[in-house]
Amino acid sequence: MNQIASPRTVHSTCWECSAYCGSILTVDDAGRVVKVAPNPASPVSRGAFCVKGIRALPEQTYQDSRLRHPLRRVGPRGSGQWEQVSWDSALDEMARRMAEVRGKYGPKSLVGAVSGAAFSRGPIMALLMRSLGSPNWMINQDLCGGCRGVSDKVTGLSIQGGEEVEAARCLLIVGRNPAMADPPQWIEVKKMQARGGKIIVIDPFRTQAAEIADLWLRPEPGTDGAIAMAMVRHLILNGLYARDFVARYTHGFEKLAERATRYTPEVAADITGCPAADIQRAAEMYADGPSCFVSGHGIDAASNGVQTFRAFHALVAISGNLDRPGGNRRAKRPAGFRTWMDLIHDSRFRLPEEVEKQTIGADKYPLWAGPLGWQTACHNSSVLDAMLTGEPYPVRALYASGVNITVMYPDTRRTLDALRSLDFFAVAAQTMTPTAAMADLVLPKTTGLEEEEVTLTAKGPCITYTAAVGAPQGEARCDLTIAAGLLDRMRALGAVEAELLPWKTPEAFNRFLIGDSNIDLDALKEKGFLEFPYRMGDFENQKFATPTGKIELWSTLLERFGLDPLPDYMPPLDRVVEKDPDFPLRLQTGIREKTYHHSRFREQAWARKVSPDPKVYVNPVTAAEYGLAEED
Ligand SMILES: Nc1nc2c(c(=O)[nH]1)N[C@H]1C(S)=C(S)[C@@H](COP(=O)(O)OP(=O)(O)OC[C@H]3O[C@@H](n4cnc5c(=O)[nH]c(N)nc54)[C@H](O)[C@@H]3O)O[C@H]1N2
Ligand SMILES: Nc1nc2c(c(=O)[nH]1)N[C@H]1C(S)=C(S)[C@@H](COP(=O)(O)OP(=O)(O)OC[C@H]3O[C@@H](n4cnc5c(=O)[nH]c(N)nc54)[C@H](O)[C@@H]3O)O[C@H]1N2
Ligand code: SF4
Ligand SMILES: [Mo]
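Residues numbered from 1 in each chain as written. Chains lettered and ligands numbered in written order. Predicted model: local features only at pLDDT ≥ 70, side-chain atom pairs only at ≥ 80, totals over all residues. Heavy atoms only, no water.

Of all 5 residues that make up strand β12 (residues 291-295), 5 are buried, and the element is covered over most of its length. The alternating pattern of β12 places S291, F293 and S295 on one face and C292 and V294 on the opposite face, and all of these are buried. Bridge count for strand β8 (residues 170-174) against β12 is 5 bridges, and the pairing is parallel. Looking across to β12, one finds that L171 is bridged to C292. (Buried < 20%, exposed > 50% of the residue type's maximum accessible area, 1.4 Å probe, protein only. Helix = DSSP H or I, 4+ residues; strand = E, 2+ residues; numbered from the N terminus. Pairing = 2+ DSSP bridges.)

This is the structure in structure tokens:
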């Protein structure tokens, strides 16, 4: 008689988005996850969760359309004709073709592409490419978090993810839609309001946060910098800033004050279309802290994003809301622990500086791409140009993992042309995405239920653990295993420049991250997360990582590159270029939906039922002008 074992539970962390919710997985005898539930003990999500984690992730893992074996293209590129091949034959071919390109055009003609730095596949791709001698890898920074990251770095704040929402007295939510993008954060927002906290939302769109806000400013898109500068002016003029803090820890306050004088509420109102009185009220509310700045993609993926963030970051700094309960916490870590970002910047895993300086885009955008860049990656658009034009040098082979560049990068037609022009293109994915469909080789990737991950999560703050449960479906492999297999073969072909990706297993990789911090990996696995001691403030011990060691309101780094060292309002591109009368309307993209993570999960029937069609929202006044009605 068959013995029926009781299902076991595993504490894990969902990695389907950067909310990092704690999860409890129920696993059956066969190692299959039969239930995903929130973990109320998680300090990151405190019991919050969403349908993507509960439903979409298991379905993505077990669905029939899951990629389970390596596929090799047999028809023309994009024709959908494939043959199943073994891993050995796939990796042999990948190594041979990449070594050929490398031999013909040099190591820099090889490029990698991944999505966010919020996953280990980012540094793994960076170190794989560096091992082959190429400094070129693309990451979503151009589209996600890059402007915030650069401002955070040059200003020296280091506050990414450290939003103390629940403890705040005032929230300043700018270009962020927490109800859709971050369910745990949305719960915190509502708790904070229930406690009597005040909410300011700056967003042209009526988000759920805007609906519950005490003050809602609706700027013309791309003009937020003027509001921030006017708020800075108001705080300084009315003595509402943190004098001692500013004197001790900031650089360039006088110059900032002088710059801000331009931005009277009336000037800002004129630029943004928001009433001057509302701008003034926003400044008064924010000054009555502790206040937390909650920012999003709406002010990030913009031509003037760095300067917009610089202005808001200056506001955070001078108001003294840095690293205090209810403010914006700085990133800290257990001593000895290494983050993925540390890995990318670690001198042991770098190429010579003269090589890294040739990272595509670093010549034109030295603080964005290459060795001085936030993540040392490429300027993505310039990479596509290089594929198409051979300038500044040829890019002939691409390996993309965990990013669907065909639909997520701007200008799909151009991306497709660039992909078609390549000598070799390989994609690792879990489903046949439009990007994978263009590849020569498609490699089956593990999902967030099959791969282990150790992450420093700024939100807890804590270290979170994602468990690999049961064997992967089919022959799916994780990024590190694929990279190690490729490197072995490239090495045999004499095409490895340096051994910069030394780990063979996720376990070894994760142990390296844990380093000599006293984190107990077994305890971490047991719980799914581990908190570590965190001290707010502590400005004397943990200095600011800028050339002056202070928060640089006046950035010496920007100055060095001949860029404006002070924050300012910069008109967005669409206000600078001449208007085309055929295109009188402005499109904002990126409204998140509960059921999808960007292009992910769109193959799942239940999600299509909930949200069948992409939607366009039009302002009712504009809609009336064009005779448009609901559901047209
Ligand atoms: N369900 C779901 N959740 C997700 C994702 C997903 O795809 N689906 N994606 C995840 C990822 S990778 C990211 S980066 C985050 C992004 O999530 P958020 O940071 O919240 O960004 P968005 O939803 O793109 O935009 C937020 C708001 O910015 C506004 N906005 C647009 N232009 C401007 C402007 O010029 N000024 C101001 N003030 N506001 C503007 C928009 O109207 C929108 O309401 O969400 C994450 N969470
Ligand atoms: N027009 C417009 N474009 C945008 C945006 C916008 O708002 N508007 N938002 C931008 C933003 S913020 C972002 S972050 C990007 C997102 O761009 P992408 O990162 O490309 O988006 P996704 O569709 O979430 O994921 C892409 C692929 O990741 C793979 N994947 C999922 N999980 C894993 C995993 O565990 N390992 C590996 N190796 N692969 C995995 C899946 O195969 C999936 O096809 O899009 C950007 N592009
Ligand atoms: S919000 Fe949803 S998708 Fe994001 S980590 Fe939490 S459960 Fe996963
Ligand atoms: Mo993103």
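This paragraph deals with the sheet that holds strand β4 (residues 71-73). Reading across from one edge, β5-β4-β15-β14-β13-β6-β7 is the order of the 7 strands in this open sheet, with mixed pairing throughout. Strands with a single pairing partner mark the edges of an open sheet, and in this sheet they are β5 (82-84) and β7 (137-138). Relative to strand β15 (residues 441-444), β4 is paired through 2 bridges, and the arrangement is antiparallel. Bridging across to β15, L71 finds its partner in V442.

Counting residues in each nonpolar core, the largest one holds 75 residues, and the members touching the most others are M94, L128, W137, Y399, M490, L501 and W503. A total of 8 residues in this core trace back to one element, the largest contributor, which is helix α2 (residues 87-105). Listed in part, the 63 residues of the second largest apolar core include V154, F253, I279 and L558. (Core = buried A, V, L, I, M, F, W, Y, C linked by side-chain atoms within 4.5 Å.)

Before going further, it helps to spend a moment on the site of ligand 2. The environment of ligand 2 is made up of 24 residues, and the closest members are N404, K445, T589, H597 and S599. The contact in question runs from an oxygen atom of ligand 2 to an N or O atom on the side chain of N140, over 3.1 Å. Interatomic distance of 3.2 Å between a side-chain N/O atom of R600 and an oxygen atom of ligand 2. Protein chains shield 90% of the accessible area of ligand 2, which is 910 Å² for the free molecule. Counted by class, the shell around ligand 2 contains 6 nonpolar, 13 polar and 5 charged residues. (Near = heavy atom within 4 Å. Polar contact = N/O pair within 3.5 Å; in protein donor to acceptor, adjacent residues only side chain to side chain. Areas by Shrake-Rupley, 256 points an atom, 1.4 Å probe, with all protein chains shown as cover. Nonpolar A, V, L, I, M, F, W, Y, C, P; charged D, E, K, R; others polar.)

Taken as a whole and assessed by the stated rule, the structure comprises 14 aromatic pairs. Judged by centre distance (5.9 Å) and plane angle (20°), the ring pair of F539 and F544 falls under stacked. Judged by its relative accessible area of 13%, F539 is buried. An aromatic cluster is built from F245, Y249, F539 and F544, whose rings are joined through pairwise contacts. One cation-aromatic arrangement involves K255 over W554; the distance from NZ or CZ to the ring centre is 4.3 Å. If you follow R338 out to its NZ or CZ, it ends over the ring of F512, 4.0 Å from the centre. (Phe/Tyr/Trp six-rings, centres within 6.5 Å; stacked < 30°, edge-to-face > 60°. Lys NZ or Arg CZ within 6 Å of the ring centre and 35° of its normal.)

Note on helix geometry: an α-helix contains 3.6 residues per turn, so any two residues three or four positions apart are oriented the same way. Three or more residues of helix α11 (residues 265-272) are buried, namely P265, A268, A269, I271 and T272. Seen from one end, α11 has its buried residues packed into an arc of 165°, which puts them on one side. Exposed residues pointing more than 90 degrees away from the buried face of α11 are listed as E266 and D270. As for α11, its buried residues are in contact with α8 (224-237), α12 (276-287) and α23 (573-576). Two residues or fewer after α11 comes G273, characterised by a positive phi angle close to 85°. (Arc of directions from axis to C-beta. Contact = heavy atoms within 4.5 Å.)

A cluster of like negative charges, contributed by D613, E630, E631 and D632, occupies part of the molecular surface. Assignment of secondary structure puts E630 in the segment after α25 (620-625). (Patch = residues over 30% accessible without salt bridge, like charges linked within 9 Å, V, L, I, M, F, W, Y side chains within 5 Å. Salt bridge = Lys/Arg side-chain N within 4 Å of Asp/Glu carboxyl O. Lys, Arg positive; Asp, Glu negative; His and termini not counted. Charge placed at Lys NZ, Arg CZ, Asp CG, Glu CD.)

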